[in-house]
Amino acid sequence: MDLNARIYVAGHRGLAGSALARRLASGGYRNLVLRTHGEMELTDQAAVKAFFDKERPEYVFVAAAKVGGILANNEYPAEFIQANLAIQTNVIHEAWRGGAKRLLFLGSSCIYPRDCPQPIKEDYLLTGPLELTNRAYAVAKIAGVEMCRSYNRQYGTRYLAAMPTNLYGPGDNYDLASSHVLPALVRKTHEAKARGLDRVSVWGTGKPRREFLHSDDMADACVMLMNLSDAAFDKVLRGPNDFPLINVGCGEDQTIAELARAVASVVGFRGALEFDTSKPDGTPRKLLDVGRLKALGWSSRIGLAEGIAAAYKDFLAREGSARKNINQTSEART
Ligand SMILES: NC(=O)c1ccc[n+]([C@@H]2O[C@H](COP(=O)([O-])OP(=O)(O)OC[C@H]3O[C@@H](n4cnc5c(N)ncnc54)[C@H](OP(=O)(O)O)[C@@H]3O)[C@@H](O)[C@H]2O)c1
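Residues numbered from 1 in each chain as written. Predicted model: local features only at pLDDT ≥ 70, side-chain atom pairs only at ≥ 80, totals over all residues. Heavy atoms only, no water.

### Overview of the overall build of the protein
Reasoning step 1: Helix and strand counts for the protein come out as 11 helices and 13 strands.
Reasoning step 2: Since a compact globule built from 334 residues should have a radius of gyration of about 20 Å, the 20 Å found for the protein is in line with a globular shape.
Reasoning step 3: Taken along the three principal axes of its C-alpha coordinates, the protein extends 60 × 55 × 40 Å.
Reasoning step 4: Accessible surface, the protein as shown: approximately 15,000 Å² in total, 51% of it carbon and sulfur.
Reasoning step 5: Taken together, the 43 basic and 37 acidic charged side chains of the protein have centroids lying 2 Å from each other. (Helix = DSSP H or I, 4+ residues; strand = E, 2+ residues; numbered from the N terminus. Rg over C-alpha atoms; globule rule 2.2 N^0.38 Å. Areas by Shrake-Rupley, 256 points an atom, 1.4 Å probe, with all protein chains shown as cover. Lys, Arg positive; Asp, Glu negative; His and termini not counted. Charge placed at Lys NZ, Arg CZ, Asp CG, Glu CD.)

### A closer look at the confidence of the model for the protein
Reasoning step 1: For the protein, the mean per-residue pLDDT works out to 94, and 96% of the residues sit at or above 70.
Reasoning step 2: A low-confidence stretch, residues 329–334 (pLDDT under 50), is modelled with 0 contacts involving residues beyond four sequence positions or located in other chains. (pLDDT = per-residue confidence, 0-100. Contact = heavy atoms within 4.5 Å.)

### Examining the pattern of salt bridges
Should the charged atoms of two oppositely charged side chains come close, the side chains can pair.
Reasoning step 1: Tallying each qualifying case throughout the model produces 28 salt bridges.
Reasoning step 2: The residue Arg 149 makes a salt bridge to Asp 242 at a minimum N-O spacing of 3.2 Å. In this pair, Arg 149 sits in helix α5 (residues 135–155) while Asp 242 sits in the loop between α8 (230–237) and β10 (245–248), placing the two residues 93 residues apart along the sequence.
Reasoning step 3: Note that Asp 234 is salt-bridged to Arg 158, the shortest N-O span being 2.6 Å. Here the residue Asp 234 occupies a position in helix α8, and Arg 158 occupies one in the loop between α5 and β5 (159–164), the gap between them amounting to 76 residues.
Reasoning step 4: The exposure class assigned to Asp 234 is partly exposed, which follows from its relative accessible area of 21%.
Reasoning step 5: The exposure class assigned to Arg 158 is partly exposed, which follows from its relative accessible area of 24%.
Reasoning step 6: Bridged by salt links that share partners, the residues Lys 49, Asp 53, Arg 56, Glu 94 and Arg 97 form one connected network. (Salt bridge = Lys/Arg side-chain N within 4 Å of Asp/Glu carboxyl O. Buried < 20%, exposed > 50% of the residue type's maximum accessible area, 1.4 Å probe, protein only.)

### Some words on the nonpolar core
Reasoning step 1: In terms of nonpolar packing, the biggest core is built from 42 residues, with Tyr 8, Leu 42, Val 60, Leu 103, Tyr 112 and Leu 245 touching the most fellow members.
Reasoning step 2: Elements supplying a minimum of two residues to this core: β1 (7–10), α2 (45–55), β3 (59–62), α4 (77–97), β4 (102–106), α5 and β5.
Reasoning step 3: Excluding residues within four positions of it along the chain, Tyr 8 makes contact with Val 33, Met 40, Leu 42, Phe 51, Phe 52, Pro 57, Tyr 59, Val 60, Phe 61 and Val 91.
Reasoning step 4: Judged by nonpolar contacts, the second largest core, of 36 residues, contains Ile 7, Val 9, Phe 233 and Val 248. (Core = buried A, V, L, I, M, F, W, Y, C linked by side-chain atoms within 4.5 Å.)

### Focus on the pairing of β3
Reasoning step 1: Taking every second residue as pointing to the same face, both faces of β3 are buried, with Tyr 59 and Phe 61 on one and Val 60 and Val 62 on the other.
Reasoning step 2: Where β1 meets β3, 4 bridges bridge the pair, whose relative direction is parallel. Residue pairing for β3: Ile 7 is matched across the bridge by Tyr 59.
Reasoning step 3: Two elements, β3 and β4, share 4 bridges in a ladder whose sense is parallel. Opposite Val 62, over in β4, you have Phe 105 as the bridge partner. (Pairing = 2+ DSSP bridges.)

And the structure:
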């Protein structure tokens, strides 16, 4: 990508999108085209069409999605499938109409079958039943992968689907009703410590194994992919089973219990961790095979302890500014 190229990051205020926007800005890309959710509703086809007609971005990162943890996915499947199908259909189609050179569509590792062999290779896609709790979300994301494949085949586009493992980092969602496991553990252990509690409840048995990647590492991998030469990019597009698909992870996993202990240690919570086995575990293990990515010379750089420490710092900063806003509002009212 030329440093002057017009680059659109859809969802640039989210966890993944903000990391992409940061990585691009720090890499010297000076022509980012950005719209907040408030400025452009991506489920609104006419709005998305008008945007692409006007801005004509050359490169598109699709990091906008309706995202949530097990609880939200399980309770609102209709909203998850409707919003995600609409967002990706509008952005991918209008990117093609607007003549974007390349597009990178972010999905998630939940697209793979629930019980597939580990680590998960790209060619396990569509080889078995999905995890039920987030099937609506996963099916929408699989449709996005197939859309990239179909546009590449019929229109000769260069659209790649990148499947990151569980992400965490600055700007994460710490709302316990919709957050993923790592930010949820940060909030729970932080609040337990602040209230002087001697125990924290952790969802499930603690036994499932998960892989975590810092969002800045994910962004670095995505920018590397977008910057490949045409020949190298085309090779990635010709993925296993004809899917233009690449996993993005660090290649290491740990149990939820180990993760909880790592978070508690960073936060300084010294109480007990209690595993609530009445809550679902989800998929037993989820570790991506990152062989395709490593073959391109890329590896993650941010270790888990270092990454959690940075995430906790970001959490504290945001808690601080939220408290300041509440104080200012109540001062203004008095
Ligand atoms: N987080 C993870 O662990 C993880 C792991 C693997 C893959 N991914 C993938 O990365 C992508 C982004 O995830 P994320 O975690 O960054 O999510 P996120 O933090 O919730 O960010 C999503 C962004 O999309 C925007 N958005 C949502 N609906 C929109 C709409 N209808 N119109 C316009 N903008 C809309 C959101 O804006 P508002 O907040 O204003 O609604 C937000 O800026 C997803 O495809 C996800 O599958 C995430």
